[in-house]
Amino acid sequence: NIRAGKASPSMVSGVMVDYYGSPTPLNQVANVNTPDGMTISIQPWEKSLIPEIEKGIQVANLGFNPQNNGESVIINVPPLTEERRKDLAKQAKAEAEEAKVVVRNDRKNANNDLKKLDISEDLQKNLENDIQEMTD
């Protein structure tokens, strides 16, 4: 996940909470929302889960420091630093390149499968052009 500077409920979607002995996704034991652009508010359906939610957030190693006010858990999302922005740009570039490689490999596999078929050259060329248009 590439996390920008704005708070979003999806930032904590991977957090698991120990709910009566079994790991449970956070969104199944609490209401997660963002009252403003820099804050995530987590309101558990059972107040006894607040310590477990805080523990789950810390175990998930998201770089957040959860705070509780007795009724809910509040996470203040720190603003992005210049260094963090550069890291995110590198990560986005690497993921984009990986996606391009996957598309190229799929196109190559599709063209190789076409060559194995017993069809006319005209039909094969038309299908290769169709594959090329789909991957552009």
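Residues numbered from 1 in each chain as written. Predicted model: local features only at pLDDT ≥ 70, side-chain atom pairs only at ≥ 80, totals over all residues. Heavy atoms only, no water.

## Some thoughts on the sheet that holds strand β5 (residues 67-68)
As a reminder of what qualifies: Following DSSP output, two strands are said to pair if at least two bridges run between them. Counting from the N terminus, the helices are DSSP H or I runs at least four residues long and the strands are E runs at least two residues long. The contact criterion used throughout is that any non-hydrogen atoms of two residues lie within 4.5 Å. Angles shown run from 0 to 180 degrees and are taken between the N-to-C directions of axes, each axis being a line fitted to C-alpha atoms and, for helices, limited to the stretch in contact.
The strand order across the open sheet formed by 4 strands is β3-β4-β6-β5, and the pairing between neighbours is antiparallel. Among the strands making up the open sheet, the edge pair consists of β3 (30-36) and β5. On top of the sheet, helix α1 (residues 50-59) reaches β3, β4 (39-44), β5 and β6 (73-76); it is set at about 25° to β6, its chief contact.

## A closer look at the pattern of salt bridges
To be explicit about the condition: Any carboxyl oxygen of Asp or Glu that lies within 4 Å of a side-chain nitrogen of Lys or Arg is treated as forming a salt bridge with it. For the exposure calls, accessible area comes from a 1.4 Å probe over protein chains only, and a residue counts as buried if that area is under 20% of its type's maximum, exposed if over 50%, partly exposed in between.
In the structure shown here, the tally under the stated rule is 3 salt bridges. Linking Glu82 and Arg85 is a salt bridge whose minimum nitrogen-to-oxygen distance equals 3.6 Å. You can see Glu82 and its partner Arg85 sitting in helix α2 (residues 82-116), 3 residues apart, about one turn around the helix. Note on Glu82: relative accessible area 49%, which makes it partly exposed. In this structure Arg85 comes out as partly exposed when scored by relative accessible area, which is 43%. Glu128 is the partner of Lys125 in a salt bridge, and the nearest nitrogen-oxygen pair spans 3.8 Å. Residue Lys125 and its partner Glu128 are located together in helix α3 (residues 121-135), separated by 3 residues, close to a single helical turn.

## Things to note about the packing of aromatic side chains
Quick reminder of the rule: Note on aromatic pairs: the rings of Phe, Tyr and Trp (six-membered ring only in Trp) are paired at centre separations within 6.5 Å, and the planes decide the class, stacked below 30 degrees, edge-to-face beyond 60, tilted for the rest.
For the structure on display, the rule yields 1 aromatic pair. Seen in terms of ring centroids, Tyr19 and Tyr20 are 4.8 Å apart; in terms of plane orientation they differ by 65°. Their pairing is edge-to-face. Under the relative-accessibility criterion, Tyr19 is labelled partly exposed at 26%.

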